[in-house]
Each structure stands twice: as structure tokens, then as C-alpha cells.
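Chains, contacts and geometry: an overview
If you want the building blocks of each chain, they are given just below.
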Amino acid sequence: MTSRTPRDSRLRLVRPRPLAAAPRAVNQHRTRRPAPRPPEGTPPPAELARMARARLSAAATVARWADTALRPGRDGAGSGGGGTLSARTAESAAAELGLTVAQVRADWDTARLAGLVEVHGDSARSGWRLRAWDRDDSAVLRGWVALFDAWSLASPEPSDREHADIAEVVSAMPQLLSFLQLSAGPVPVEQLLDLLRQRVTELRTERCEVPYGPAPDPVAPSGGGLRAVDPAAPVVLPEPADAVTLAPLLDWALGALAAVGALTYGEGQATLTPLGSWAVWVKLEQICVAAQSPAGNIEVAAEDMLRGCAQLRPNAARAEYRAWLAARPVGGAVTELLEAARGEDALLRGLAFEALRVVGAPAEPEVRAAAEEAGLRPYALLWLAEQEGVDPEDAHEVLTREEATWLWVDTAAAVADHGEAPLLVRHLESAVQPTVPALLDEVRAVGHPRTVQVLVALAAAHPDPALARAVRRAAFQVHTGG
């Protein structure tokens, strides 16, 4: 019996473990920042959670009804596409709950925005927040904050207004909410309207908008050629925002925020509720924490932010992700994170999907599309499995053997580039193959672009001479096309 047989314990891996994410390259010790205290007068978390439960009680009732009444194969959620209720299901819910069909649909939409119902493709089912509703105050508060973030979707947009005007008001509202929070009391609507007008004017100036329509063209050639630009022509600045035009849009925005429970609105003034004041304070605190970080992560692009977070402990990194996301529209942030994941640095790829876990359900369409790309597919499949409620320890089971091997090589590349030799040796434990020869055979076949570098680094790091020779031989075979 030769040493090449599987009985040679030096070429046998430690017991297989579930495929894990890339270990952090650097676990640098950082002085803990004291937990910030909310403004004086803010109710304790338990009281805030009670308020959130009361605000979302109708939505939770409809979500619970759907959780028990709808079963696979029946005409229910998703039959209308996008996780909407079918007409028959809405009527059934209205009859059983003593509500109108319009109320059922409104509460269903609220439940979706709060994460009590999760939409996956064309189907919907109860979310994890609903399952934790009665026992987890943090889940309740996160659900209400998700509804607060989606306030512009909770109420229909004015049909007689241009979409661009509505988008400007939505972009300007964070500044108005911050002003309301700092005021800590009623604010006249006239004052908010003046602030909105100033902010919209700033947004237009930042975009360097010019009026639409034909421009003077004294040098345009006949026949419709390119226009010549006169360098002496004065720069056309955008028109200041019109308070008369913005007043109805401000009324819509304040009404929508009042509908989700963020403020009270009436008698010519607006006041943040305790829930609204707390939520705005949390977001401002997240932004301040990120702005105080050495890398200034809140202001940089996704790739630079992820590089800064690579040196942080997991909890600190998640706080940075939340602050970075809080300062950006969700759609653009998800696109930017996926673009960073497509780069050559495998560590950033893993961290990008960690940040996407903080985003949650709003990132699902783009992550599902990214699952069609070979380089992102294993990460995307794990992310989607966790979103669908699969335990993170079992999520690796959704991967094929080839996908798991590809992810093992990609993770090993991250460790080789940013970690230490013992980390790379320990990374062998996460492989799905039972022996090193089996691992090397499948690694050679998977076609990862970093295969040679990973194998060379592993051979240099491993203390077992026999295993190191086998790995070096495999690296040479891949390099020569064998």
C-alpha cells in the first residue's frame, strides 16, 4: 500500500464544514465608541416598539390572515403578479376580517413595505418580522423604519404633477425631516415650504439644469449638422423653485409621512411623532458615525467604502454599511455594490454581498439578475437563499458542487491577498471535498481565473511537505493546461 492511497491521513482534509464566507483579513482592535444616547424625552425602545405595533396592527392582521389562509397551489398572493392579492383573495380576506376590499389591499401594501410580507418573484409569503412580531421589539422597530423609508410609496403620487417635480420633493424631504427633528416641536408649514424651495433650487443648481426648448443658433449649418457652441454665451442658470408649485407637493409629502406615523400634520404646522423623531435621529447618528471614521466612508464610492470596512470587526462593518446606505438612494447603492463585486478583488466581492444583506429585500431584483453571472452566481445564490428564510448555516446546500468549489477558490483568493498563511491553511476545512486529491481535481476543472495563484500560495503556506508537493504539482498542471 503506497502513500498515494486515500489512507494517507496527511492528504485527508479535516471533517467537512458548511461553506463559510471569507474570513476577515484583518481583525484590528478598535477602541469602542460609547453608544450614543437618543435626545432627551425619547421614549425607551419598548415604548417605541409598542407605538410601532399599534401603527402596524392592521397590516399585521392581514399578514397573519394570509399566512394561515393562503397555501401553495391556491389562488392567492402573487396571482396578480408582483406579490399582489388576487380579487378573490382580497374579497375573502375582507369578508373574514370585517374590512372593505380597499382596506385589505391598503393593509397588504403596508405589510409588504414593512417587511411583514416578503415578495419573491411573483409570489409572496410571511416575512421573518411577522414571525418575530410578538417577541422581538427590534424586529418591530426595523419593520416600522422600513415603512418610514418607503413613505413616498405608501400614498399615491399626485396625478396632476410631473414625475420630475415629485422626485425633487422626495429628494429634499430628508433635509426637512432633519429640521423638524432639530426643532423638537411644531414647525409652521410656511417655514417648511421656504426650506423646501431653497433645497429644490439647490438640487437644480447642482444638476446644472437648463430650460427645455430650442436654443438660439446663429451658426447652425443648413441641412441639420452639429450646433456650434458660442464660448461667449452666458451660462443659463435654472429657474428658482416656485413656492406656489411646491405647496401642493409639500402637502402630499407631509400627508404621506403622517400616514405612516412619522409626524402629525394639521392646522398649518407639522410635528414629528416620537417614532419619527427617533427614526430621524438614528439616521443622523449613522451618518455622523460614518463621517467620523478614518476613511470617511460615507462620502466615498462603494469600492473604497468596502476597502475601509475590510479592517473592521463584523458589527462595526455592518454599522458602516448602514450609514453608507442611509446617505444614498437604495437603487443606486445596490448597483454600485454589485459593480464593486464584479472587480478582481475577491475580498471586496464577499464584503459587497455582506453590505447587500444589510439592504435586504429591496436588493432582490438586482441580486437575482446577478445570479446569471458566473463570477457572482455563488454569492447571489447564498444571498437569495438567506432572504428566503434558509438558515445561513444551511444556505450552502443550494450550491452545486461546481459552484461551491468556485466559491472556495474565490474565498481562498481573498485570504491569500489579504490574510495570513495560517488562515489559508485553515480554509481547507471549508471545502466540500473529503480529501485533498478530490479537491485538487475539482479545483483544476472549475476554471477560476485565480486558481494558479491560490494553489501556489497554499503550497507555500502548508506545513505538510507531501501536501505542499501535491498542491504545487496541481498548480503547475493548471498553468501548463494539464
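Everything below is about the structure shown above.
Residues numbered from 1 in each chain as written. Predicted model: local features only at pLDDT ≥ 70, side-chain atom pairs only at ≥ 80, totals over all residues. Heavy atoms only, no water.

A few words on the overall build of the protein chain. Scanning the protein chain from terminus to terminus reveals 22 helices and 5 strands. Counting every position in the protein chain, which comprises 482 residues, the buried fraction comes to 43%. (Helix = DSSP H or I, 4+ residues; strand = E, 2+ residues; numbered from the N terminus. Buried < 20%, exposed > 50% of the residue type's maximum accessible area, 1.4 Å probe, protein only.)

Attention now moves to the pairing of strand 5 (residues 269-272). Where a strand is regular, its side chains alternate between the two sheet faces. By the bridge criterion, 2 bridges tie strand 3 (residues 187-188) to strand 5 in an arrangement that is antiparallel. Across the sheet, the residue bridging to Val187 is Ala270, located in strand 5. (Pairing = 2+ DSSP bridges.)

With that out of the way, let us pick up the sheet that holds strand 5. With respect to topology, 3 strands assemble into an open sheet ordered 3-5-4, the strand pairing being antiparallel. Each of the sheet's edge strands pairs with one partner strand only, and the pair in question is strand 3 and strand 4 (263-266). Across the sheet, helix 8 (residues 163-183) lies against strand 3, strand 4 and strand 5, angled at about 75 degrees from strand 5, the strand it touches most. (Contact = heavy atoms within 4.5 Å. Axes fitted to C-alpha atoms, helices over the stretch in contact; angles between N-to-C directions.)

Summed over all chains, the structure comprises 3 aromatic pairs. Relative to Tyr379, the ring of Phe353 has its centre 5.6 Å away and its plane inclined at 20 degrees; by these criteria the two rings are stacked. Of the two residues, Phe353 is situated in helix 15 (residues 346-359) and Tyr379 in helix 17 (residues 377-387); the sequence distance between them amounts to 26 residues. Residue class for Phe353 comes out buried when judged on its relative accessible area of 1%. (Phe/Tyr/Trp six-rings, centres within 6.5 Å; stacked < 30°, edge-to-face > 60°.)

Our next topic: the packing of helix 1 (residues 45-55) against helix 6 (residues 137-149). Packing of helix 1 against helix 6 leaves a shortest axis separation of 9 Å and a crossing angle of 55 degrees. As summarised for this structure, helix 1 and helix 6 are arranged oblique, according to the angle between their axes. Handedness of the helix 1/helix 6 crossing: left-handed. Judged by residue contacts, Pro45, Ala46, Leu48, Ala49, Ala52, Arg53 and Arg55 of helix 1 engage Asp137, Val140, Leu141 and Trp144 from helix 6. A breakdown of the residues in the contact of helix 1 with helix 6 according to their chemical character gives 8 nonpolar, no polar and 3 charged. (Parallel < 35°, antiparallel > 145°, perpendicular 65-115°, else oblique. Left-handed = near helix turned anticlockwise from the far one by under 90°. Nonpolar A, V, L, I, M, F, W, Y, C, P; charged D, E, K, R; others polar.)

The next subject is the nonpolar core. With 66 residues, the main nonpolar core has Leu306, Tyr321, Leu337, Phe353, Leu356, Val367 and Trp408 as its most contacted residues. In contact with Val367, not counting residues within four places along its chain, are Leu338, Phe353, Leu356, Ala380, Trp383 and Leu384. (Core = buried A, V, L, I, M, F, W, Y, C linked by side-chain atoms within 4.5 Å.)

Going through the model one piece at a time under the given rule, you end up with 18 salt bridges. For the salt bridge of Glu202 with Arg199, the shortest nitrogen-to-oxygen distance reads 3.0 Å. Separated by 3 residues within a single helix, Glu202 and Arg199 lie in helix 9 (residues 189-207), roughly one turn from each other. In this structure Glu202 comes out as partly exposed when scored by relative accessible area, which is 38%. (Salt bridge = Lys/Arg side-chain N within 4 Å of Asp/Glu carboxyl O.)

All right, on to a negative patch on the surface then. A surface patch of like charges, here negative, comprises Asp391, Glu393, Asp394 and Glu397. Summarising the element assignment, Glu397 is placed in the loop between helix 17 and helix 18 (401-418). On the basis of relative accessibility, which here comes to 58%, the residue Glu397 falls in the exposed class. (Patch = residues over 30% accessible without salt bridge, like charges linked within 9 Å, V, L, I, M, F, W, Y side chains within 5 Å. Areas by Shrake-Rupley, 256 points an atom, 1.4 Å probe, with all protein chains shown as cover. Lys, Arg positive; Asp, Glu negative; His and termini not counted. Charge placed at Lys NZ, Arg CZ, Asp CG, Glu CD.)

Bridge analysis of strand 4 against strand 5 gives 4 bridges, and the strand direction is antiparallel. Each bridged residue has a counterpart across the sheet, and for Tyr265 the counterpart in strand 5 is Ala270. Turn length for the strand 4-strand 5 hairpin, with the two strands adjacent in sequence and antiparallel, is 2 residues, and the turn residue Glu267 shows positive phi of about 55 degrees.

Turning our eyes to something else, we now look at helix 20 (residues 436-446). In an α-helix, one full turn covers 3.6 residues, which means residues spaced three or four apart are oriented alike. Within helix 20, the full set of buried residues consists of Val436, Leu439, Leu440, Val443 and Val446. Buried positions in helix 20, seen along its axis, are confined to an arc of 130 degrees and lie on one side of it. (Arc of directions from axis to C-beta.)

Our focus in this paragraph is helix 1. All of the buried residues along helix 1 are Leu48, Ala49 and Ala52. Around the axis of helix 1, the buried residues are gathered within 100 degrees of arc, so they sit on the same side.

The next thing to look at is the packing of helix 13 (residues 314-326) against helix 15. Contact pair helix 13 / helix 15: the axes reach a minimum separation of 9 Å and the direction vectors enclose 65 degrees. Here helix 13 is positioned roughly perpendicular relative to helix 15, judged by the angle of their axes. Handedness of the helix 13/helix 15 crossing: right-handed. Contacts between helix 13 and helix 15 pair Arg318, Tyr321, Arg322 and Leu325 from the former with Leu351, Glu354, Ala355, Val358 and Val359 from the latter. Residues that form the contact of helix 13 with helix 15 fall into these classes: 6 nonpolar, no polar and 3 charged.

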